[in-house]
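Breakdown of the fold
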Amino acid sequence: MSPRHLDIANDLRHQITNGHIKPGERLPSETALADRYKVSTVTLRRALAVLQGEGLVEKIHGKGNFARRPLRKIVYVGGWGTLDPWTAAEAALRVTVRSSTVQAHGHLTALLKVPTGSPLAELRCVTYAGDSPHGLARIYTPRDLAPVGVLDDESSRREAARRFGLLGLPPAAVQETACARPPTPDEASTLRTHSAAPVLAITRVPTDSTGRVVEAALLVFPGDRVDAVFTTRHVTDKGQTQP
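Residues numbered from 1 in each chain as written. Predicted model: local features only at pLDDT ≥ 70, side-chain atom pairs only at ≥ 80, totals over all residues. Heavy atoms only, no water.

**Details of the overall build of the chain**
This is how it is decided: Helix and strand labels come from DSSP, where a helix needs a run of H or I of at least four residues and a strand needs a run of E of at least two; each type is numbered from the N terminus. Here, residues are in contact when the closest pair of their heavy atoms is within 4.5 Å. Under the convention used here, a 1.4 Å probe and the Shrake-Rupley method define accessible areas, while residue burial counts only the protein chains that appear.
Helices and strands together make up the secondary structure of the chain, namely seven helices and 13 strands. A sequence separation of at least 24 residues applies to 62% of the contacts in the chain between residues at least 6 apart. Here the chain displays about 13,000 Å² of accessible surface, and carbon together with sulfur accounts for 54% of that area.

**Remarks on the confidence of the model for the chain**
To keep it simple, the criterion reads: Think of pLDDT as the predictor's per-residue confidence, scored from 0 to 100.
The predicted model of the chain averages 83 in pLDDT, with 79% of residues at 70 or higher. Per-element mean pLDDT across the chain ranges from 50 in strand E13 (residues 241-242) up to 96 in helix H5 (residues 107-112).

**Here we look at the environment of Glu122**
We apply this condition: Each residue's exposure class comes from its accessible area (1.4 Å probe, protein chains only) as a fraction of the maximum for that residue type: buried when under 20%, exposed when over 50%, partly exposed otherwise. Definition of a polar contact: a pair of N or O atoms within 3.5 Å, with one able to donate and the other able to accept a hydrogen when the atoms are protein atoms, and with sequence-neighbouring residues admitted only if both atoms are side-chain atoms.
Note on placement: Glu122 falls in strand E6 (residues 119-129). Judged by relative accessible area, Glu122 falls into the buried class, the value being 14%. Put simply, Glu122 and Ala216 are 94 residues apart on the chain and 9.7 Å apart in space, counted from C-alpha to C-alpha. For Glu122, the side chain forms a polar contact with the side chain of Tyr140, separated by 2.8 Å.

**Details of the sheet that holds strand E8 (residues 173-181)**
Filter applied, for reference: DSSP-based pairing: two strands are paired if at least 2 bridges between them are found. Note on method: axes are straight lines fitted to C-alpha atoms, helices fitted across the in-contact stretch only, with angles between N-to-C directions ranging 0 to 180 degrees.
Sheet architecture is open: six strands sit in the order E5-E6-E7-E10-E9-E8, paired in antiparallel fashion. Here the strands that pair on one side only, and so sit at the sheet edges, are strand E5 (93-103) and E8. Each strand axis lies, on average, 15 degrees off the axis of its neighbour in the sheet, ignoring direction.

**Re the pattern of salt bridges**
To keep it simple, the criterion reads: A pairing counts as a salt bridge when a side-chain nitrogen of Lys or Arg comes within 4 Å of a carboxyl oxygen of Asp or Glu.
Throughout the structure, instances matching the rule amount to eight salt bridges. Put simply, Arg45 and Glu30 hold a salt bridge, and the shortest N to O gap is 2.7 Å. Of the two residues, Arg45 is situated in helix H3 (residues 41-53) and Glu30 in helix H2 (residues 30-37); the sequence distance between them amounts to 15 residues. The residue Arg192 makes a salt bridge to Glu58 at a minimum N-O spacing of 3.5 Å.

**Digging into H3**
In plain terms, the rule: The span you would expect from a helix comes to 1.5 Å times its residue count less one.
Helix length check: H3 (13 residues) gives 18 Å between terminal C-alpha atoms against 18 Å at 1.5 Å per residue, within 8%. Turning to H3, its buried residues are Thr43, Leu44, Ala47, Leu48, Leu51 and Gln52. Buried positions along H3 lie against helix H1 (4-17), H2, strand E1 (57-60) and strand E2 (64-67). Where H3 ends, the next residue or the one after it, Gly55, has phi of about 80 degrees, a positive value.

**As for unusual backbone geometry**
Not every positive phi belongs to a glycine, and Lys113 is a case in point at roughly 55 degrees. Turning to its location among the elements, Lys113 is positioned in the loop between H5 and E6. A positive phi is found at Arg192, a non-glycine position, where the angle reads about 55 degrees. With respect to the helices, strands and loops of the structure, Arg192 is situated in the loop between helix H7 (185-191) and strand E9 (199-207).

**So, the environment of Ala129**
On the secondary structure map, Ala129 appears in strand E6. Spatially, the C-alpha atom of Ala129 lies 6.6 Å from that of Arg94, the residues being 35 residues apart in sequence.

Here it is as structure tokens:
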């Protein structure tokens with residue numbers, strides 16, 4: 001016999017996939033569901049956690065649990081360091097931006113190759129498709145390299161953030177490190193994803209022609225909401241690149 005919380009998850013899954021519970025519809029309260037299935041709220045929450053991990057249910061703080069609408073993936077284009085132009089231009093895609101000046105510490109000093117305490121411009125951006133968050137970006141650049149107005153001008157910030165793009169001029173080189181991992185508590189809360197559901201984390205470090213690091217971007221996407229595309233170019237014996 002399967003554990004009770006899995007039986008409940010199976011029943012709710014059947015209702016969602018068969019359309020008895022419509023996409024975007026709010027589920028009954030956790031207390032009401034626990035009463036319906038004659039279990040404790042702890043057991044009920046374990047069942048909901050299964051469905052949250054599968055992407056069928058979304059828990060919105062202060063509002064409740066909702067059957068998730070079918071999600072359209074966005075596309076991150078490696079090398080460009082941006083969302084693809086079609087995605088970025090879509091009217092339904094919106095972004096919230098918060099800017100500030102912070103001091104370099106911990107891993108940021110290593111990524112940016114700056115002393116501890118150095119002033120950095122920070123942009124914290126969350127991209128949404130409809131009401132569903134699709135990506136989180138924390139972008140840091142040495143304060144003296146920050147484009148004019150990036151901390152003060154709303155349109156300047158929003159244009160860079162809309163694409164998760166580079167803040168300044170095109171760099172000479174971009175190094176991107178991608179991995180799948182569990183989200184941090186802050187990432188799970190911001191992206192409304194279950195703590196056990198993997199995210200795609202990309203660390204992007206552009207450098208200029210002198211080798212100076214001009215930016216460090218920490219990008220996080222729920223694994224079920226993004227495709228990442230990387231294009232490899234081959235170097236010939238003559239030093240030329242070929243697609």
